[in-house]
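# An overview of the molecular structure
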Amino acid sequence: MPLKEYREKRDFSKTGEPEGGEREAGRVGKVFVVQEHQASHHHFDLRFERGGVLVSFAVPKSIPEKPGEKKLAIRTEDHPLEYADFEGNIPEGEYGAGEVKIWDRGLYEPLEWNEDRIEVVMKGDRLSGRYVLIRFKKAGEKEWLLLKGKEG
Ligand code: MN
């Protein structure tokens, strides 16, 4: 049950977020999405399609735009693929209450993907080029660093 944690946190009779399991797997291309989330703490949610779910990270400050710039990213629960299309207001009192807007979306190519390091090439409207996520174990189990990689 890959979406167990996602579903346990939400009441789908109250939130407009997708429950998951509607979209067929096996489409061509790997989608990424960045959603701007005006929750109790404003953040960006960076999600990558992988293994039939959206592998997700919350980025508290901003997405790095210059090579070498580092930002903290927190691994969050996997989200259903349909979440890549989600925009709307999560009602007060529900998990993640606040406005969600798609900030960028596109396709990505994984260059490396293991439990400590993820390197991708992103092709979105705002984000393009290499991005790297590195486990930041000193900071905790779910902490990663997000970097804009050098091109070439
Ligand atoms: Mn969020």
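Quick summary incoming for the structure in this document. No experiment lies behind these values; they were computed from the predicted model shown.

## Digging into the pairing of strand S4 (residues 70-79)
- Pairing analysis gives four bridges linking strand S3 (residues 53-59) to S4, with the strands arranged antiparallel. Across the sheet, residue Ser56 finds its bridge partner in S4, namely Thr76.
- One ladder, built from five bridges, connects S4 with strand S9 (residues 143-148); its direction is antiparallel. When the bridges of S9 are listed, Ala73 appears paired with Trp144.

## Description of the packing of aromatic side chains
- Applying the stated criterion across every chain, the model contains eight aromatic pairs.
- Each ring, one from Tyr83 and one from Phe86, has its centre 5.1 Å from the other, and the planes form 45°; the classification is tilted.
- For Phe86, a relative accessible area of 8% gives the class buried.
- Taking the centre distance of 6.4 Å and the plane angle of 40° together, the rings of Tyr108 and Trp113 count as tilted.
- Following the ring pairs from residue to residue traces out a cluster consisting of Tyr6, Phe12, Tyr83 and Phe86.

## Observations concerning the coordination of the manganese ion
- The protein atoms donating to the manganese ion are His37 (ND1), His43 (NE2) and Asp45 (OD), with metal-donor distances spanning 2.2 to 2.3 Å.
- Mapped onto the sequence, the donors of the manganese ion take the spacing H-x5-H-x1-D. Asp45 shares its class with His43; the two are buried.

What counts as what
- Residues numbered from 1 in each chain as written.
- Predicted model: local features only at pLDDT ≥ 70, side-chain atom pairs only at ≥ 80, totals over all residues.
- Heavy atoms only, no water.
- Pairing = 2+ DSSP bridges.
- Helix = DSSP H or I, 4+ residues; strand = E, 2+ residues; numbered from the N terminus.
- Phe/Tyr/Trp six-rings, centres within 6.5 Å; stacked < 30°, edge-to-face > 60°.
- Buried < 20%, exposed > 50% of the residue type's maximum accessible area, 1.4 Å probe, protein only.
- Donors = N, O, S within 2.8 Å, 3.2 Å for Na, K, Ca; no water.

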